[in-house]
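Structural description and commentary
Listed below, chain by chain, are the residues.
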Amino acid sequence: MDKIRLRYAPSPTGFLHIGNTRTALMNYLFAKHYGGVFIVRIEDTDIERNVEGAIESQFDNMEWLGIGPDESFLNPNKLYGKYMQSKKFDVYDKKAHELIEKGYAYKCFCTPEELEKDREEQLARGIVAPQYNRKCLNLTLTEEHKNKPYNIRFKVPENKIIKINDVVRGDVEFNTKEIGDFVILKSNKIATYNFAVVIDDVDMAITHVVRGEEHISNTPRQCLIYEAFGWKEPKFCHLTLIVDETKKKLSKRSGNALFFISQYREQGYLPEALFNYIALLGWSPKVEQEIFSKEEFVKMFDEARFSKSPSTFDMVKMKWINSQWMKKLDDKQFVDFTKKFIDESKFNLSGKSDQWIEDVLLLFKKELEFGSQINEHLDIFFAKNATDDQTKQVLSEMSDYKEMILDLKKKLSSLKEFKEQEIKDVIKKLGEDFSKKGKDLFMPIRIFTTLSFHGPELAKTISLIGQEKVLLNIESLI
Ligand code: GLU
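Residues numbered from 1 in each chain as written. Predicted model: local features only at pLDDT ≥ 70, side-chain atom pairs only at ≥ 80, totals over all residues. Heavy atoms only, no water.

**Quick look at the overall build of the protein**
Here is the rule we go by: Helix and strand assignments follow DSSP, with helices taken as H or I runs no shorter than four residues and strands as E runs no shorter than two, numbered in order from the N terminus. Only protein chains enter the accessibility calculation, which uses a 1.4 Å probe. A residue is then buried if its area is under 20% of the maximum for its type, exposed if over 50%, and partly exposed in between. Contacts are assigned to residue pairs with any non-hydrogen atoms lying within 4.5 Å of each other.
Each helix and strand counted, the protein has 19 helices and 11 strands in total. Seen through its principal axes, the protein has C-alpha atoms that stretch 105 × 55 × 40 Å. The burial tally for the protein puts 50% of its 478 residues in the buried class. Taking contacts inside the protein between residues at least 6 apart in sequence as the whole, the part at least 24 apart equals 74%.

**Description of the packing of aromatic side chains**
Using the following cut-off: Any two of the Phe, Tyr and Trp rings considered here, Trp counted by its six-membered ring, make a pair once their centres fall within 6.5 Å; the pair's planes then place it as stacked at under 30 degrees, edge-to-face at over 60, or tilted in between. Whether a charge lies above a ring is judged from NZ of Lys or CZ of Arg, which has to be within 6 Å of the ring centre and within 35 degrees of the ring normal.
Inspection of the entire model under this criterion finds 24 aromatic pairs. Ring geometry for F292 and F297: centres 5.3 Å apart, planes at 65°, overall edge-to-face. Residue classification places F292 among the buried residues on the basis of a relative accessible area of 4%. Using a relative accessible area of 0% as the deciding quantity, one classes F297 as buried. Among the aromatic residues, those joined into a ring-pair cluster are Y28, F30, Y34, F38, F275, W283, F292, F297, F301 and F306. Geometry around Y150 places K107 over its ring, the cationic atom sitting 4.6 Å from the centre. Over the ring of W356 we find K352, and its NZ or CZ is 4.4 Å from the ring centre.

**Details of the sheet that holds strand β3 (residues 105–108)**
Our working rule: If DSSP finds at least two bridges between two strands, the strands pair. Every axis corresponds to a line fitted to the C-alpha atoms, with the helix fit spanning only the stretch in contact, and the corresponding angles, defined between N-to-C directions, vary from 0 to 180 degrees.
Judged by pairing direction, the sheet is antiparallel, and its three strands sit side by side in the order β3-β4-β7 without closing on themselves. Because the sheet does not close on itself, it has two edges, and the strands there are β3 and β7 (183–185). Direction aside, neighbouring strands of the sheet carry axes that sit 45° apart on average. With two bridges joining them, strand β4 (residues 151–154) and β7 adopt antiparallel strand pairing. In the sheet register, I152 faces β7, and the bridge partner there is L185.

**A word on the nonpolar core**
The following threshold applies: Nonpolar cores were defined as sets of buried Ala, Val, Leu, Ile, Met, Phe, Trp, Tyr and Cys residues, with membership established by side-chain atoms within 4.5 Å.
Membership of the largest hydrophobic core comes to 105 residues, with the highest contact counts inside it found for L29, F313, F381 and L412. Of all the elements, helix α1 (residues 18–33) adds the most residues to this core, at eight residues. The residues touching F313, leaving out its near neighbours within four places in the chain, are I18, I242, V243, L250, A257, L258, Y264, Y277, L281 and M318.

**Describing the packing of helix α17 (residues 438–450) against helix α19 (residues 467–477)**
Definition in use: By definition in this entry, angles of less than 35 degrees are roughly parallel, angles greater than 145 are roughly antiparallel, angles of 65 to 115 are roughly perpendicular, and the rest are oblique. Residue classes follow a fixed rule: Ala, Val, Leu, Ile, Met, Phe, Trp, Tyr, Cys and Pro count as nonpolar, while Asp, Glu, Lys and Arg count as charged, and any other residue, Gly among them, counts as polar.
Axis separation between α17 and α19 bottoms out at 6 Å; the angle between their running directions is 105°. When the axis of α17 is compared with that of α19, the two are roughly perpendicular. Mapping the contact onto sequence places I447, F448, T449 and T450 in α17 and V470, N473, I474 and L477 in α19. Among the residues forming the contact of α17 with α19, the class breakdown is five nonpolar, three polar and no charged.

So this is what it looks like as structure tokens:
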């Protein structure tokens with residue numbers, strides 16, 4: 001069998017987000033599972049909508065996720081032409097005129113004003129989806145047309161059923177009744193998406209087209225073009241929608257879900273975790289397990305396991321998967337990774353030793369869901385923080401701790417070595433002297449030393465806050 005070739009074909013109208021990443025990633029897995037080639041092609045024919053920096057940013061984020069392409073305009077294979085549509089306008093122009101010669105397309109001289117007027121008339125007559133009225137279909141070209149601008153329209157056969165055998169949806173049928181004669185080349189000589197996509201998929205020997213379901217209604221138009229040229233269609237695979245918890249298509253306005261890959265990078269998510277979660281959007285493995293590496297996904301990929309219903313993006317699960325991947329980091333990796341996310345405008349690290357920073361960060365290794373979440377935990381080590389209402393409430397429910405706290409203060413202030421073990425010994429001794437254990441022992445100590453009712457391992461935390469600040473904390477509450 002020839003190598004299979006799949007492509008992710010972004011328009012540079014925006015940045016890499018959960019939706020288009022899922023498309024890229026499924027193309028990647030599909031290609032890699034079968035030892036094929038993963039290609040990125042830039043569909044930039046809609047020049048006005050192109051966003052500066054979008055292409056570079058998409059490539060950068062794809063590399064970060066581990067789905068860099070085997071072929072793209074950065075590493076082209078000369079056999080397959082250009083990997084960017086704006087470099088191929090001459091090719092589309094030639095091919096569109098070829099269709100005119102073969103009788104599958106025709107020149108349309110209607111002006112935008114005429115087209116708009118006709119559309120409005122059709123709408124007024126109650127036609128919901130107006131189509132081109134074919135005024136130019138059988139035009140006899142004369143001298144007067146010579147220097148007039150024209151669109152090239154595809155001549156859609158009447159009342160024909162077009163069948164698509166989609167990998168996800170099975171057989172889907174369309175009637176050409178629903179499709180008007182559509183423009184394939186605009187008067188400015190720029191090809192439309194439906195035309196360029198077919199020329200490119202053929203030029204690049206694409207075997208499987210995996211894309212979002214919003215493109216399924218474009219597919220019959222593309223099939224007509226394949227047929228007109230006598231070309232073999234690729235296999236189509238339309239992925240179902242990703243929705244948010246309100247069941248709307250996931251977007252940058254979707255509540256608390258982060259949308260862009262760059263946002264995840266900034267907040268301290270790991271590429272392995274994003275890969276892991278996105279690969280489970282609209283695709284599921286045979287086994288119950290949820291944590292998989294890229295290599296495992298490549299190995300177990302199976303195009304028969306795409307979901308037929310929309311998948312809901314779940315930020316809670318995304319965070320959980322990231323926390324699982326963070327736990328897999330060894331201590332050094334965890335510290336190197338997390339340190340980058342400390343907000344130094346809030347937490348001044350100058351004067352803190354590397355060992356101290358490392359010890360503080362490792363206190364939170366088991367609970368961090370993403371890197372920048374570390375900033376929610378650092379107050380107790382830095383701020384001249386006050387107790388919050390919840391802590392005050394917890395303290396008000398405790399009784400009979402005053403003597404113990406006074407003794408705690410005395411013992412801690414006389415410690416020569418303010419280290420975890422020494423502090424543990426102090427706490428143990430207090431427990432014995434005051435006949436307290438469990439919450440009755442630890443909670444007052446925690447609140448007076450850290451000014452908070454929750455936090456990581458107590459003795460270690462106290463030692464890392466440092467003697468001076470701990471004594472001030474106790475003083476401030478007494
Ligand atoms: N350029 C199209 C998009 O960004 C891709 C269409 C396709 O994959 O055929 O949605």
